[in-house]
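# Results of the structural survey
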Amino acid sequence: MTSTQPRIILLFSGKRKSGKDYLTDLIQKRLTAEMCCILRLSAPLKQQYAKDHSLDYEELLGSGQYKESYRADMIRWGEMKRQQDSGFFCRLAIKHATQPIWIISDCRRMSDVQWFHEEFSDRCICVRVEASEQTRSQRGWRFTTGIDDAESECGLDEGVKFDYIIRNDGADDVLEKQLEDLLSLIKSREDESNAQNNIKPEK
Ligand SMILES: Nc1ncnc2c1ncn2[C@@H]1O[C@H](COP(=O)(O)OP(=O)(O)O)[C@@H](O)[C@H]1O
Ligand SMILES: C[C@@](O)(CCOP(=O)(O)OP(=O)(O)O)CC(=O)O
């Protein structure tokens with residue numbers, strides 16, 4: 001298991017090309033890599049899938065057509081693994097995490113969210129990234145039957161109480177205000193956690 005327990009876990013979700021990677025990179029920079037790590041549930045999935053199928057793992061981590069051409073079969077394989085063990089990819093993703101703040105950048109299923117809430121009940125912040133279909137299309141998204149109408153993209157459309165929703169349609173000033181609000185929420189949750197554990201807040 002992990003060598004340290006996290007103080008805060010940000011559970012990010014959002015549709016393809018909504019900006020999950022873009023925003024989590026921005027947030028990690030604000031929090032610094034010393035304090036915050038980005039963990040992807042899809043990373044261990046892609047690593048094993050690439051090994052099993054003699055594919056390029058780095059290309060699967062990318063954002064090009066290579067990944068898209070294997071997405072459907074990766075989804076199929078990933079869901080089979082989750083049916084056997086819903087926490088399989090969650091445990092692998094956090095295995096080497098040491099920073100106090102974790103960003104899980106790609107939650108897709110209720111089982112992902114439920115696993116983290118069960119393991120780290122009082123430390124999770126659920127964040128939804130939203131962008132219009134027009135914006136997503138401008139970023140290269142095209143609706144794909146069997147992908148965009150399936151659990152991988154729709155599994156968290158209902159039934160989740162998000163702590164924060166980021167509208168990411170491109171207006172930098174609107175985004176900046178939302179990032180500041182989210183960082184304030186993170187700080188307040190940390191202070192609450194510290195108070196509960198009698199830890200003096202950092203200056
Ligand atoms: N607010 C933004 N401003 C500029 N480019 C953005 C913004 N949000 C997303 N992008 C760009 O849109 C594309 C998709 O974003 P990405 O974070 O990869 O989406 P996701 O991880 O949700 O599929 C990337 O090229 C990214 O750099
Ligand atoms: C099989 C996947 O894990 C592939 C996810 O790949 P990315 O996380 O790269 O996807 P986006 O960034 O949203 O485009 C999806 C799943 O249902 O597990």
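Remember, predicted model here, so these are calculated numbers, not experimental data. Within any chain, residue numbers begin from 1 and follow the written order of that chain's sequence. Chains carry letters and ligands carry numbers; both start at the beginning, A for chains and 1 for ligands, and go up in the order they are written. With pLDDT at 70 or above as the cut-off, local features in this predicted model cover only qualifying residues; side-chain atom pairs require 80 or more to be listed or tallied, and sums for whole chains, interfaces and linings still use all residues. Excluding hydrogens and water, the side-chain values take into account all heavy atoms of the structure.

This part takes up the packing of aromatic side chains. The rule is short: rings of Phe, Tyr and Trp, with Trp giving its six-membered ring, pair when the centres are within 6.5 Å, and they are stacked under 30 degrees, edge-to-face over 60, tilted in between. A complete count under the given rule lists 10 aromatic pairs for this structure. Aromatic pair Trp115 and Phe116: ring centres 5.0 Å apart, planes at 85°, arrangement edge-to-face. Judged by relative accessible area, which is 8%, Trp115 ranks as buried. Assessed through its relative accessible area of 0%, Phe116 is described here as buried. Through successive ring pairs, a cluster of aromatic residues spans Tyr49, Tyr66, Tyr70, Trp77, Phe88 and Phe89. Note on geometry: a ring has a charge over it if NZ (lysine) or CZ (arginine) is within 6 Å of the ring centre and within 35 degrees of the ring normal. For the cation-ring pair, Lys81 lies above Phe88, with the distance from its terminal atom to the ring centre recorded as 4.6 Å. Just above the ring of Trp141 sits the side chain of Arg136; from NZ or CZ to the centre is 4.0 Å. Relative accessibility under 20% of the residue-type maximum defines a buried residue, over 50% an exposed one, and the middle range a partly exposed one, all with a 1.4 Å probe and only protein chains included.

Once that is clear, we can look at the packing of helix α2 (residues 42-53) against helix α4 (residues 65-84). Fitted lines through C-alpha atoms serve as axes, helices being fitted only where they are in contact, and the angles separating the N-to-C directions of these axes extend from 0 to 180 degrees. Helix and strand labels come from DSSP, where a helix needs a run of H or I of at least four residues and a strand needs a run of E of at least two; each type is numbered from the N terminus. Relative orientation of the contacting elements α2 and α4 amounts to 105°, with a least axis distance of 10 Å. By the angle between their axes, α2 is roughly perpendicular relative to α4. Of the residues in α4, those in contact with Leu45, Lys46, Gln48, Tyr49, Asp52 and His53 of α2 are Lys67, Tyr70, Asp73, Met74, Trp77, Gly78 and Arg82. Gly falls in the polar group here, along with every residue not listed as nonpolar (Ala, Val, Leu, Ile, Met, Phe, Trp, Tyr, Cys, Pro) or charged (Asp, Glu, Lys, Arg). Of the residues in the contact of α2 with α4, the class split is five nonpolar, three polar and five charged. When describing relative orientation, an angle under 35 degrees is termed roughly parallel and one over 145 degrees roughly antiparallel, while 65 to 115 degrees is termed roughly perpendicular and anything else oblique. Between two residues, a contact is recorded if the distance between any of their heavy atoms is within 4.5 Å.

Right, let's get into the UniProt feature "binding site: substrate" (unreviewed entry) in the protein chain. Residues annotated in UniProt with the feature "binding site: substrate" (unreviewed entry) correspond here to Asn168. Looking at the secondary structure, you find Asn168 in the loop between β5 (164-167) and α9 (172-196). Apart from residues lying up to four places away in sequence, Asn168 is in contact with Ser18, Gly19, Leu23, Val129, Glu130, Ala131, Thr135, Arg139 and Leu175. In the analysis that follows, any N or O atom pair within 3.5 Å is treated as a polar contact, provided that within protein one partner can donate a hydrogen and the other can accept it, and provided that, for residues neighboring in sequence, both atoms belong to side chains. Reaching out from Asn168, the side chain makes a polar contact with the backbone oxygen of Ser18 at a distance of 2.8 Å. UniProt positions are given in the numbering used here, feature names are shortened, and annotations may be inferred rather than shown by experiment.

Take the site of ligand 2 next. We define proximity as follows: a residue is near a molecule or strand when any one of its heavy atoms falls within 4 Å of that partner. With respect to spatial proximity, 14 residues lie near ligand 2, and among them Lys67, Arg71, Arg108, Arg109 and Ser152 are the closest. In the model, an oxygen atom of ligand 2 is placed 2.7 Å from a nitrogen or oxygen of the Arg109 side chain. Only the protein chains shown count as cover for residues, with accessible areas throughout obtained via the Shrake-Rupley method and a probe of 1.4 Å. When isolated, ligand 2 has an accessible area of 450 Å², and the protein chains bury 94% of it. Where the shell around ligand 2 is concerned, the elements lending two or more residues are α1 (20-31), α2 and α4.

What follows is about the pattern of salt bridges. Think of a salt bridge as a Lys or Arg side-chain nitrogen and an Asp or Glu carboxyl oxygen that are within 4 Å of each other. One pass over the full model with this rule turns up 20 salt bridges. A salt bridge links Asp148 to Arg16, with the nearest nitrogen and oxygen atoms 2.5 Å apart. Pair noted here: Asp148 is in the loop between α7 (133-138) and α8 (151-154) and Arg16 is in the loop between β1 (8-14) and α1, with a separation of 132 residues, a long-range link. One exposure class covers both Asp148 and Arg16, and it is buried. Put simply, Arg16, Glu68, Arg71 and Asp148 are held in one network by salt bridges that share partners.

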